[in-house]
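Chain by chain, the residues:
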Amino acid sequence: WAAASIYQHFLVTGNRTFVIDLLPDLVQFYKSWMETHFDPEEGCMFQACHADGEENSVGLDGCRPTINSVMFGEARALSAIAHLAGDAELASFFEEEAARWQQVLLRQLWSPDLEFFVTKALHAPATLWKELHSGRLVTYFGCLACPQNRTCPPLHGWPLKQHVPVRELMGL
């Protein structure tokens, strides 16, 4: 992701001007993701599984560990860049954002039973509904790994706001 990558570039090159000049654009990029993917009811970032670089069999649409981890890393990098720029207020804001994303991961997406991070299945927030149902995206319904004699997803649908083990998604 942009802020984390650019901050890592700074750590290698030491080019403060480059990273500081990009700070306003990086902040706007972060905000644009918040505007479209943040689910205010659940307090986490929504991502469709097909848009997350993973196949449907790896998880469901909803609050996914991957996108929420990215937001944690972006917030930490933006805080560090804001410190470099001498903007203590912005740095503090992004430190708080990083702490929030860390809590989302640990409190909402960690499964003590599975000892693994899992997706919290949710419907898309209104900000993404039009995009997801516009026909511009290719979506696949059901599991790619399900045996033919099993209905995937189940006729009653996947359980919303609950953890769904990968074994269930694969029909095992």
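Structural data are supplied above this passage.
In what follows, the accompanying structure is described. All figures in this text were calculated on a predicted structure; none of them were measured in a lab.

1. Considering the overall build of the protein
Of the regular secondary structure elements, the protein holds six helices and six strands. Going from N to C terminus, the protein has its helices and strands arranged as α-α-β-β-β-α-α-β-β-β-α-α. Scored against the burial criterion, the 172 residues of the protein give a buried share of 41%. Carbon and sulfur atoms provide 56% of the accessible area of the protein, an area that totals close to 10000 Å².

2. Describing the state of the cysteines
As used in these notes, a disulfide is a covalent bond between sulfur atoms, one from each of two cysteines. For the structure shown, the criterion picks out one disulfide. One disulfide bridge connects Cys 44 with Cys 63, the sulfur atoms lying 1.7 Å from each other. Every disulfide takes its handedness from the sign of the S-S torsion; for Cys 44 and Cys 63 that torsion is 55°, giving right-handed. Taken together, the residues span a long stretch of sequence, with Cys 44 in strand E2 (residues 44-47) and Cys 63 in strand E3 (residues 62-63) at a distance of 19 residues.

3. Focus: the nonpolar core
Counting 33 residues, the largest nonpolar core has Tyr 30, Met 45, Leu 78 and Trp 101 as its most contacted members. Of all elements in the fold, only helix H1 (2-13), helix H2 (16-37), E2, helix H3 (65-85) and helix H4 (88-108) reach the threshold of two or more residues within this core. Sort the elements by how many residues they give to this core and H3 lands first, with nine residues. Setting aside its immediate chain neighbours within four residues, Met 45 contacts Trp 33, Met 34, His 37, Phe 38, Gly 62, Cys 63, Arg 64, Ile 67, Asn 68, Met 71 and Trp 101.

Rules of the game
- Residues numbered from 1 in each chain as written.
- Predicted model: local features only at pLDDT ≥ 70, side-chain atom pairs only at ≥ 80, totals over all residues.
- Heavy atoms only, no water.
- Helix = DSSP H or I, 4+ residues; strand = E, 2+ residues; numbered from the N terminus.
- Buried < 20%, exposed > 50% of the residue type's maximum accessible area, 1.4 Å probe, protein only.
- Areas by Shrake-Rupley, 256 points an atom, 1.4 Å probe, with all protein chains shown as cover.
- Disulfide = S-S within 2.5 Å.
- Core = buried A, V, L, I, M, F, W, Y, C linked by side-chain atoms within 4.5 Å.
- Contact = heavy atoms within 4.5 Å.

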